[in-house]
Protein chains: 2
Amino acid sequence: MTVYAGPVQDLIDELGRLPGVGPKSAQRIAFHLLKLPKDDALRLARAIAVVKDKVAFCQTCFNIAEGDRCGICADPRRESTIVCVVEEPRDIVAVEKTGEFKGRYHVLQGAISPIEGIGPDQLRVKELLARVDPEGIEEVILCTNPNIEGEATAMYLGRLLKPLGLKVTRIASGLPVGGDLEYADELTLGRAIEGRRDVDG
Amino acid sequence: MTVYAGPVQDLIDELGRLPGVGPKSAQRIAFHLLKLPKDDALRLARAIAVVKDKVAFCQTCFNIAEGDRCGICADPRRESTIVCVVEEPRDIVAVEKTGEFKGRYHVLQGAISPIEGIGPDQLRVKELLARVDPEGIEEVILCTNPNIEGEATAMYLGRLLKPLGLKVTRIASGLPVGGDLEYADELTLGRAIEGRRDVDG
């Protein structure tokens, strides 16, 4: 629907291409930007330009990076024998916050999803395989999301990596800490029972 | 929460200031922009810059305009004796689509809302009053939203404009065309009954 004069409609169109921004939100954001003082609005434009200029993906693990290597790949204190495979750079932030992992990462930049036409070739799978020998990787933790796409991706990678003689693990599914058995869905509870562990003592 | 390297966090912060964009959406949009080809992402940055450069508000009615006057104020075929008062420029588009109105507009750029600290002084009320005499305005249609803020604004403007000897009208509230009595809320149905009209014939 084109109802506004050129530049305003252009802005609405561009905003409408962003994920999670529908035509109504795009219009709302455009009018918000119109009302803002010029400097405030241009700060967003500049932030986009700076990010596209300075930030790219790490050539090793495909995390976001300023330069060719990300901070984690460039850090010699991180163990290089264990690699945690995630779908997106933001997943690295989630894992880092746990403080449980001292190895390196590999970002697939997506998950296998036949419906969206995303197969292994669209992901950074080749690049993961190419890291195994040179970096002396011994264990790969498959840390994709516990949904259909993430599970399919983990299963695919498992079949690919196991024959190379690597230890391949998958993060546990189960009840969230602080959760309540009564409100757990049956799939999650089923996984929690299936993945039960010996009690020490 | 600052977890990303400088430029990425800057972008997330700027995106998070947009209306309707929370921290999670801001992060999602930022990563989407990171993944996009450079040209596509910069198109958005440019669209913002062009809008802030070229588009401003009409000095007469405060609609969006490229230049000092908007297309409607500059159009000599529009009746200048009748003015439709709306809250936002997008409301003009809604009224224009009906094809029922051939007069001019006045955009308040908001509505009275004590909770948000918006009083008449923050709106383009003075500018509306200043138009009455020079333009020979005879009727003002109060076309603010039929919610609390819009009704309060309409009531305020009514009290201000009536003593000037103008005809002041308010758009009708009632059941939407194609609506269903059974599903109408009682406030709307009450308004519809209160605003009942004589049947011709």
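Residues numbered from 1 in each chain as written. Chains lettered and ligands numbered in written order. Predicted model: local features only at pLDDT ≥ 70, side-chain atom pairs only at ≥ 80, totals over all residues. Heavy atoms only, no water.

Let's talk about the domain arrangement of chain A
Then, in step 1: Domain boundaries assigned for chain A yield domain 1 (6-54) and domain 2 (75-198).
Then, in step 2: Relative placement of domain 1 of chain A and domain 2 of chain A: their C-alpha centres are 35 Å apart. (Domains from an automatic or database assignment.)

A closer look at the pattern of salt bridges
Then, in step 1: This model, assessed by the stated rule, comprises 24 salt bridges over all chains.
Then, in step 2: Taking the shortest distance from any N to any O, the salt bridge between R17 of chain A and E14 of chain A comes out at 2.8 Å.
Then, in step 3: E127 of chain A is paired through a salt bridge with R124 of chain A; the nearest N and O atoms lie 3.2 Å apart.
Then, in step 4: Three or more residues joined by partner-sharing salt bridges are found here, namely E14 and R17 of chain A together with D40 and R43 of chain B. (Salt bridge = Lys/Arg side-chain N within 4 Å of Asp/Glu carboxyl O.)

As for the environment of F31 of chain A
Residue and element names in this part refer to chain A.
Then, in step 1: Within the fold, F31 resides in helix α2 (residues 23-35).
Then, in step 2: Classification of F31 as buried rests on a relative accessible area of 4%.
Then, in step 3: A C-alpha to C-alpha distance of 9.0 Å links F31 and I12, two positions 19 residues apart in sequence. (Helix = DSSP H or I, 4+ residues; strand = E, 2+ residues; numbered from the N terminus. Buried < 20%, exposed > 50% of the residue type's maximum accessible area, 1.4 Å probe, protein only.)

Some details on the layout of surface pockets
All names here are of chain B.
Then, in step 1: Its volume calculated, the largest pocket comes out at about 760 Å³.
Then, in step 2: Contributions of two or more residues to the lining of the largest pocket are made by β3 (82-86) and α4 (89-98).
Then, in step 3: Examining the composition of the lining of the largest pocket, we find that four residues originate from one element, α4, more than from any other.
Then, in step 4: Per-class residue counts for the lining of the largest pocket are eleven nonpolar, six polar and six charged. (1 Å grid on protein atoms, 1.4 Å probe; cavity = no way out; pocket = protein on both sides within 12 Å on 5 of 7 lines; lining within 4 Å. Points joined across faces, edges and corners; volume = space filled by probe spheres on them. Nonpolar A, V, L, I, M, F, W, Y, C, P; charged D, E, K, R; others polar.)

Points about the interface of chain B and chain A
Then, in step 1: Taken together, the 50 residues of chain B in the interface contact 50 residues of chain A.
Then, in step 2: Here chain B and chain A share an interface that buries about 4,600 Å² over both sides, 74% of which is from carbon and sulfur atoms.
Then, in step 3: Taken together, the links from chain B to chain A amount to six salt bridges.
Then, in step 4: Across the pair D53 of chain B and K38 of chain A runs a salt bridge whose closest N-O atoms are separated by 3.7 Å.
Then, in step 5: The interface formed by chain B and chain A includes eleven residue pairs in polar contact (both at pLDDT 80 or more).
Then, in step 6: Sorting elements by how many residues they give to the side of chain B that touches chain A places helix α3 (residues 38-54) of chain B first, with 14 residues.
Then, in step 7: Among the residues making up the side of chain B that touches chain A, the classes are represented as 31 nonpolar, five polar and 14 charged. (Contact = heavy atoms within 4.5 Å. Buried area = accessible area lost by both parts, 1.4 Å probe. Polar contact = N/O pair within 3.5 Å; in protein donor to acceptor, adjacent residues only side chain to side chain.)

A closer look at the sheet that holds strand β4 (residues 104-107) of chain B
Consider a sheet: its strands pair through backbone hydrogen bonds, and that pairing is either parallel or antiparallel.
Residues and elements named next belong to chain B.
Then, in step 1: Taken together, the four strands give an open sheet; going across it, the order is β4-β3-β5-β6, and neighbouring strands pair in parallel fashion. Only two strands of the sheet have a single neighbouring strand rather than two, namely β4 and β6 (167-170). Averaged over all pairs of adjacent strands, the angle between strand axes in this sheet comes to 25°, irrespective of strand direction.
Then, in step 2: In terms of strand pairing, strand β5 (residues 139-142) meets β6 through four bridges, oriented parallel. When the bridges of β6 are listed, L142 appears paired with R170. (Pairing = 2+ DSSP bridges. Axes fitted to C-alpha atoms, helices over the stretch in contact; angles between N-to-C directions.)

Re the relation of the copies chain B and chain A
Then, in step 1: Superposing chain B onto chain A requires a rotation of 180° together with a translation of 0.1 Å along the rotation axis, leaving an RMSD of 0.1 Å. As the rotation angle and translation indicate, the two copies are arranged about a two-fold axis. Residues of chain B ranked by C-alpha distance from the rotation axis are headed by A45 of chain B, positioned 2.1 Å from it.
Then, in step 2: Counting the interface residues of chain B, we find that 100% of their copies in chain A are interface residues as well, pointing to one common contact surface. (Least-squares fit on C-alpha atoms with pLDDT ≥ 70 in both.)

Quick notes on the environment of K52 of chain A
Then, in step 1: Take K52 of chain A: it is sitting in helix α3 (residues 38-54).
Then, in step 2: By relative accessible area, K52 of chain A is classed as buried at 11%.
Then, in step 3: C-alpha of K52 of chain A to C-alpha of I112 of chain A: the two residues are 60 residues apart in sequence and 26 Å apart in space.
Then, in step 4: Not counting the four nearest positions on each side in its chain, K52 of chain A is found in contact with L33, L34, K35, L36, P37, K38, A41 and L42 of chain B.
Then, in step 5: There is a polar contact of 3.0 Å between the side chain of K52 of chain A and the backbone oxygen of L34 of chain B.

Let's talk about the packing of helix α5 (residues 125-135) of chain B against helix α6 (residues 148-161) of chain B
All names here are of chain B.
Then, in step 1: One can describe the packing of α5 onto α6 by two numbers: an axis separation of 12 Å at closest approach and a directional angle of 35°. Note that α5 runs across α6; the crossing there is right-handed. On α6, the residues touching V125, L128 and L129 of α5 are Y156, L157, L160 and L161.
Then, in step 2: The residue inventory of the contact of α5 with α6, partitioned by class, reads seven nonpolar, no polar and no charged. (Left-handed = near helix turned anticlockwise from the far one by under 90°.)

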